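Structural description and commentary
Chain residues, written in single-letter form:
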Amino acid sequence: MALKHILFDIDGTLINTRGAFLGALDAALGRKGIKCDDILPYFSLPLADAVRDFGFTKAEYDEWNADYAHRLSEAPLYDGADALIKKLYGGGVHMALVTSRKHDIAHIGLDGTGLLGCFDRIIAADDVPRPKPAPDPLLEYARGASCTVSDMAFVGDSVHDKECAASAGVRFFAPGWATIADELEGDAASFDDILAAAGI
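This report concerns the structure included in the present document. This structure is a prediction, so every number in the text was calculated from the model and none was measured.

The subject of this paragraph is the pattern of salt bridges. Once their charged atoms are close, side chains differing in charge can pair, the charge on each being opposite to the other. Using the criterion set out here, one finds 10 salt bridges in the structure. For the salt bridge of Lys132 with Asp161, the shortest nitrogen-to-oxygen distance reads 2.7 Å. Pair noted here: Lys132 is in the loop between strand 3 (121-123) and helix 5 (136-145) and Asp161 is in helix 6 (residues 159-168), with a separation of 29 residues, a long-range link. One network of salt bridges, with partners in common, ties together Asp9, Lys132 and Asp161.

The structure is reproduced here in structure tokens:
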């Protein structure tokens, strides 16, 4: 059965935000005088996780977040991501964005792409009681779209995304065009795989 609803994570899935995240984190750590040789485990996780681990104050977090938002505005789409979204949209697939960002910055990086109009809605971390990896964002979409989870798939680049999909009973794809964790290699899908799953 062809999928009628496909939801996408943003960072590391549609937009190559690795440089933006790591650049902002490296700058923030430098301001605190912290040297961290391996900050990659924090990529694709909510900023709050790293804030907790590194002991940032609210003011330091706000400065970091502003820097990150600025860098996000310049982060590029992955090659081919725009064509994928346009083909799905043209094929009548309903789509949404599910992100660990706060709602006020969820659109950053997509504003100038012409893609935002292809998505029915954005479900951000502050739009649900429990963000990813809890199933709440996907179940919220299902309620709003009046669809069943069997009609849906979620595309995301992190283990949190996979856990979110599994908890909701939603089919999961990892973006084979992006950098993904070793644990997700078995879930890697190409653009053509996703189009085929949608019957396109």
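So, on to the environment of Met152. By the secondary structure assignment, Met152 is in strand 4 (residues 152-155). Considered as a pair, Met152 and Phe172 are 20 residues apart in the sequence and their alpha carbons are 9.0 Å apart. When residues no more than four places from it in sequence are discounted, the contact partners of Met152 are Leu3, His5, Leu7, Leu138, Tyr141, Ala142, Cys147, Val170 and Arg171.

On to the packing of helix 5 against helix 6. Where helix 5 contacts helix 6, the axes come no closer than 8 Å and their chain directions differ by 50°. In this view, helix 5 runs oblique relative to helix 6, as classed from their interaxial angle. The segment helix 5 lies against helix 6, with Pro137, Leu138 and Leu139 engaging Cys164, Ala165 and Ala168. Of the residues belonging to the contact of helix 5 with helix 6, the class tally is 6 nonpolar, no polar and no charged.

Rules and cut-offs
- Residues numbered from 1 in each chain as written.
- Predicted model: local features only at pLDDT ≥ 70, side-chain atom pairs only at ≥ 80, totals over all residues.
- Heavy atoms only, no water.
- Salt bridge = Lys/Arg side-chain N within 4 Å of Asp/Glu carboxyl O.
- Helix = DSSP H or I, 4+ residues; strand = E, 2+ residues; numbered from the N terminus.
- Contact = heavy atoms within 4.5 Å.
- Axes fitted to C-alpha atoms, helices over the stretch in contact; angles between N-to-C directions.
- Parallel < 35°, antiparallel > 145°, perpendicular 65-115°, else oblique.
- Nonpolar A, V, L, I, M, F, W, Y, C, P; charged D, E, K, R; others polar.

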